[in-house]
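A structural walkthrough
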Amino acid sequence: MLERSWPSEGATRVPYWVYQDEAVYAEEQRRIFHGPTWSYLCLEAEIAEPQSFVTTFVGEMPVVVARDASGGIHAFENRCAHRGALICMQARGKAERFSCIYHNWTYDHAGNLLNVAFRKGIAGKGGMSPEAKPETQAPKQFKVHAFQGLVFGTLSKEAPSFEEYVGPEVLPRLKRVLVKPLKVLGCYTQVLPNNWKLYMDNVKDTYHASLLHVFFTRFRINRLTQQGGVFVSQDGAHHCTYTKMVEDKGDAYEKDGMRSASSQAFKLESPEMLHQVDELGDGVSIQILSLFPGFVLHQIRNSLAARQIVPKGVDRTELHWTLFGFADDDEAMTRRRLLQANLVGPAGYISMEDGAATGFVQRGVAASPDRASVIEMGGDKVGSGDSRITETAVRGLWKAWRSHMDL
Amino acid sequence: MKEVENLHARYAHALDDDRLEDWPNFFTERGVYRIATAENEARGLPLPVVYCEGRPMLRDRVQSLRHANIYEPQRYRHVISSVLIEEGKDFIKSASSFLVVRIMENGETMLFASGRYQDRISVKEMLYEERVVICDSRRFDTLLAIPL
Ligand code: FES
Ligand SMILES: [Fe+2]
C-alpha cells in the first residue's frame, strides 16, 4: 500500500512525487497497466496478413500481438513460461509458431504453450515428471479488441467493453477519424526525459497548445480565439480537443503582449506545406484525442498518427509514433501527408517543444516532491466545454489516475 | 574527389558553428532534404522526420528554428567519414557515414545520431540536389531541432 496523501485542495493540485516515486511507479504497473484499462497495441494494418506479428509494450510488459492463420488477433506477454526469456525478439514479422530461443519451448499465435522440448526426456532418461505443470507460469494473455483499424488489449477481467470504457463523449470523436481502412506511412520513437504521466498531462493540456507551440500562432494556425472545444469522458480518463479551420483575425495575443504574438515580418515562404483538404468533411483542422492510460490519436490538418506512451522508469518515457493515411489515398494526398509530417514528431514544427517542456518539469521539481502544480484554469471541475483556456482535461487525468490508484 | 569532400565538410561546419542561415545555400534552388530512418527505408515506408523541397522550405525551417520553436541551447559536432563517390555527367552520387554528437549548454554530451548521407550533387553548381539523411536508429532523444 502506498503511504502518500493528496493535497487538501483536491483536483486543482497534483503533488510532484507522482512523477518521482518508485513505489508509485511500480503500483501503476499493477493497478493501471494490468488493471481494468484498455491499452493501445498496434494498427490492424501492421498485422494485416495471417501469421504476422509485431512486438510492443503495455506499461513495462513486453507484448506480442499476432494474427493467427484464420485471421484472429491475439496478444500475449512476451515472456517464456520456462525461465522468462523473451519468446519473440523481432520487432515484426511472420511466423507459423513462436519458439523461445533459450530451450526451444514453442507457442501458438495466442501465446498458448504448444510444446516443451524433450518433455519426456530421451530414451527414458531426463525430461519432466508427468505431474509437472509448466503451464502455470504461461505468459499472460490479453483480451483484444480491434476498433476501426486500431488494436487495443486489456489484462483485466473487470474491464468494461472497449466502447463503454471510452464512453459516449469521446467515442464519436475517435470514430470520426477512423473512417476507412488505414495504411501505415512509417514510425519512429521519441525518447522523453520524464515520467510517462507528464506526457499524457501535456497532451490533455489544451491551455499550452498555442502558448508553447509558437509556430501555430506565428502563422495563425491555431490560436485560442478560434472556434473549438474540449470533450472529457465522465470519469475524466479520456479527452478530445478540436479546432475549426478558420484563420482567425483576433488580436488577443498582441494585446496581452505575449511571446506567441505574431511578428508582422514573419511569413512562411512555402505555405503549401500547411494546405489542408477537408477529407473528413467537418471543417476541423486539428483534433487531439487521448485515451487513458497511454494512447493519443492526432489529426493535424492531413497528418494522422497514433502515439503510444511507453513508460521506461520513473523519469524516462518512449513515445512511439505511427503515422498513417488511408489505404485509398491518391498520390497527392500521400504527398500532403508527408509534407505535413514536418509538423509532428521529434522534429515537428508544432510538437518538438513537448519533449523539452515535460523534461523541464521533471528537472524543475527534482527537489520538491511535496510541492504541487497549480491546475486552476477553468476552475476546479472536470467536464466538456467550448473554451480551451482551461485545464479541465488535465484535472480529468488526475481524477482517473487517483481512482485507479486509490489515492 | 576533393570538391565533394569539401562540400560535405563545409556543410558540417556551417551547422556545427550555428550558421543555420547558410544551410539552405548548400542546396540547389529546388534541392531536396529528407531525414529518414533506416527502419522505414528498409520497410519501404516513406515517412520523413524532416522533409524540405527547395530552398524556400529550407529557409522556412531555419526561420522557424530561429523565431518559433523553443528548445534548450545545444550544439552539434558532425563527424563524416567513408565518403564514396560515383561520378556522372550531370550529377555526382555520394554516400558517406556520419556521427552527430550533441552538446548541451551544461556540457552534457551524447551520441545523438549515426547514419549515412545519400547525396546527389549537381556537377555544375557543386550543391546538393538531394540529400537524404538515413538515421541508423528509429529513436530520437527529446527533440531534433538543428538539422543533421
Ligand atoms: S526460457 Fe524459454 S525455453 Fe527456456
Ligand atoms: Fe504540445
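Residues take numbers from 1 onward in each chain, read along the sequence in its written order. In the order they appear in the text, chains get letters beginning with A and ligands get numbers beginning with 1. Two thresholds apply to this predicted model, a pLDDT of at least 70 for residue-level local features and 80 or more for giving and counting side-chain atom pairs, whereas whole-chain, interface and lining totals are computed over all residues. Side-chain calculation: all heavy atoms of the structure are included, whereas hydrogens and water are not.

Our focus in this paragraph is the overall build of chain B. Each helix and strand in chain B was counted, giving three helices and seven strands. Helix and strand definitions follow DSSP, with helices as H or I runs of at least four residues and strands as E runs of at least two, each counted in order from the N terminus. Beginning at the N terminus, the succession of helices and strands in chain B can be written as α-β-α-β-α-β-β-β-β-β. As defined in this context, the radius of gyration uses C-alpha atoms, and a globule is described by 2.2 Å times the residue total to the power 0.38. The C-alpha radius of gyration of chain B comes to 15 Å, within 12% of the 15 Å expected for a compact globule of 148 residues. Principal axes of the C-alpha set define a box for chain B whose edges measure 45 × 30 × 30 Å. Buried, partly exposed and exposed residues are distinguished by accessible area as a fraction of the type maximum, computed with a 1.4 Å probe on protein chains only: under 20%, between the cut-offs, and over 50%, respectively. When each of the 148 residues of chain B is scored for burial, the buried share is 51%. Put simply, 59% of the contacts in chain B that link residues at least 6 apart link residues at least 24 apart. Accessible areas in this description were obtained via Shrake-Rupley with a 1.4 Å probe; residue shielding takes into account the shown protein chains only. Working note: accessible area of chain B is about 6,700 Å², and carbon and sulfur atoms make up 48% of it. Averaging the positions of the 21 positive and the 24 negative side-chain charges in chain B gives two centres separated by 2 Å. A contact between two residues is defined here by any heavy atoms of the two lying within 4.5 Å. For this count, His and the chain ends are skipped, Lys and Arg are scored as positive, and Asp and Glu as negative. Where a charge sits is defined by one atom per residue type, namely NZ (Lys), CZ (Arg), CG (Asp) or CD (Glu).

Our next topic: the domain arrangement of chain A. How large an interface is tends to be reported as the accessible area lost when its parts come together. All names here are of chain A. The start and end points of each domain follow an automatic or database-based domain assignment. The domain architecture assigned to chain A consists of domain 1 (39–146) and domain 2 (168–405). For domain 1 versus domain 2, the separation of C-alpha centres amounts to 35 Å. Listed per partner, the contact involves 11 residues of domain 1 and 13 residues of domain 2. Throughout, buried area stands for the accessible area (probe radius 1.4 Å) lost by two parts on being put together, summed over both. A combined buried area of about 960 Å² lies between domain 1 and domain 2, and 66% of that area is made up of carbon and sulfur atoms. Summed over the three residues of domain 1 that lose the most area to domain 2, namely Y40, L43 and F57, the buried surface amounts to 53% of that side. N or O atoms within 3.5 Å of each other form a polar contact, as long as, within protein, one can give a hydrogen and the other can take it, and as long as residues adjacent in sequence are counted only when both atoms are side-chain atoms. Across the contact surface, domain 1 and domain 2 share four residue pairs in polar contact (both at pLDDT 80 or more). Those elements giving two or more residues to the side of domain 1 that touches domain 2 turn out to be β2 (39–43) and β3 (52–58). Examining the composition of the side of domain 1 that touches domain 2, we find that four residues originate from one element, β2, more than from any other. In this classification, the charged set is Asp, Glu, Lys and Arg, the nonpolar set is Ala, Val, Leu, Ile, Met, Phe, Trp, Tyr, Cys and Pro, and all remaining amino acids, among them Gly, are polar. Residues that form the side of domain 1 that touches domain 2 fall into these classes: five nonpolar, three polar and three charged.

Residue and element names in this part refer to chain B. Strand order in the open sheet formed by six strands is β2-β1-β6-β5-β4-β3, and the pairing between neighbours is mixed. Since the sheet does not close on itself, it has two edges, and those belong to β2 (50–53) and β3 (74–87), each with one partner. Mean inter-strand twist for the sheet, computed between neighbouring axes without regard to direction, equals 20°. Axis definition: a line fitted to C-alpha atoms, limited for helices to the stretch in contact. Angles are taken between N-to-C directions and run from 0 to 180 degrees. Packing against the sheet, helix α1 (residues 2–16) makes contact with β1 (27–37), β3, β4 (91–104), β5 (109–122) and β6 (127–135), and its axis sits at approximately 170° to β3. On top of the sheet, helix α3 (residues 55–67) reaches β1, β2 and β6; it is set at about 60° to β1, its chief contact. We call two strands paired when DSSP finds no fewer than two bridges between them.

Moving on, we get to the pattern of salt bridges. All names here are of chain B. The working definition used for a salt bridge is a side-chain nitrogen of Lys or Arg within 4 Å of a carboxyl oxygen of Asp or Glu. The full count for this structure, using the stated rule, is 36 salt bridges over all chains. Residues E39 and R138 are paired through a salt bridge, measuring 3.2 Å at the closest nitrogen-oxygen approach. Taken as a pair, E39 in helix α2 (residues 38–42) and R138 in the loop between β6 and β7 (139–141) lie far apart in primary sequence, 99 residues in all. Note on R138: relative accessible area 24%, which makes it partly exposed.

In this section: the nonpolar core. Remark: nonpolar core denotes a set of buried residues (Ala, Val, Leu, Ile, Met, Phe, Trp, Tyr, Cys) joined through side-chain atoms within 4.5 Å. Counting 133 residues, the largest nonpolar core has V65(A), L174(A), W401(A), Y33(B) and L148(B) as the members making the most contacts within it. Sorting elements by how many residues they give to this core places helix α10 (residues 392–405) of chain A first, with six residues. Counting the residues that make up this core, at least three belong to each of domain 1 (39–146) and domain 2 (168–405) of chain A. In contact with L148(B), other than residues within four places in its own chain, are Y11(B), L15(B), Y33(B), I35(B), Y76(B), H78(B), V100(B), F112(B), A113(B), Y117(B), V133(B) and C135(B). Judged by nonpolar contacts, the second largest core, of 15 residues, contains F53(A), A81(A), I87(A) and V116(A).

Residue and element names in this part refer to chain A. The donor set comprises N, O and S atoms within 2.8 Å of the metal, extended to 3.2 Å for Na, K and Ca; water molecules are omitted, so apparent gaps in a site may simply reflect that omission. For the iron ion (ligand 2), the protein coordination sphere consists of H208 (NE2), H213 (NE2), D354 (OD) and D354 (OD), at 2.1 to 2.5 Å. Bound by four donor atoms, the iron ion (ligand 2) shows angles of 57 to 152° at the metal and therefore irregular coordination geometry. When the donors of the iron ion (ligand 2) are listed by position in the chain, the intervening gaps give H-x4-H-x140-D. Residue H213 is found in the loop between α5 (209–212) and α6 (214–218), and its partner D354 is found in helix α9 (residues 352–364); the two are separated by 141 residues along the sequence. Of the residues examined, H213 reaches a relative accessible area of 3% and is grouped as buried. Angular criteria define each label, namely tetrahedral for four donors with all angles between 85 and 135 degrees, square planar for four and octahedral for six donors with opposite donors over 155 degrees apart and remaining angles between 65 and 115, and irregular for whatever fails these tests.

Attention shifts here to the sheet that holds strand β12 (residues 182–192) of chain A. Hydrogen bonding along the main chain pairs the strands of a sheet, whether they run parallel or antiparallel. Pairing is mixed in the open sheet, where eight strands are placed in the order β13(A)-β14(A)-β15(A)-β16(A)-β17(A)-β18(A)-β12(A)-β7(B). Both edges of this open sheet fall to β13 (228–232) of chain A together with β7 of chain B, since each of them pairs with a single strand only. Averaged over all neighbouring strand pairs, the angle between strand axes comes to 15°, with direction disregarded. Both strand β14 (residues 239–244) of chain A and strand β15 (residues 284–291) of chain A contribute to a ladder of six bridges, which runs antiparallel. Bridge pairing links T241(A) to I288(A) in β15(A). Of the strands in this sheet, β12, β14, β15, β16 (295–300), β17 (303–311) and β18 (317–326) of chain A are in contact with helix α4 (residues 196–203) of chain A, which crosses β17(A) at around 150°.

A few words now on the interface of chain B and chain A. Counting residues at the interface gives 33 residues for chain B, matched by 42 residues for chain A. When the two sides are added together, the surface that chain B and chain A hide from each other amounts to roughly 3,500 Å², 54% of it contributed by carbon and sulfur. For the interface between chain B and chain A, the tally reads five salt bridges. Put simply, R92(A) and E39(B) hold a salt bridge, and the shortest N to O gap is 2.9 Å. Taken together, chain B and chain A are joined by 22 residue pairs in polar contact (both at pLDDT 80 or more). Going through the elements one at a time, α2, β2, α3 and β7 of chain B are the ones with two or more residues in the side of chain B that touches chain A. Per element, the largest residue contribution to the side of chain B that touches chain A is nine residues, and it comes from α3(B). A class-by-class count of the residues in the side of chain B that touches chain A yields 16 nonpolar, seven polar and 10 charged.

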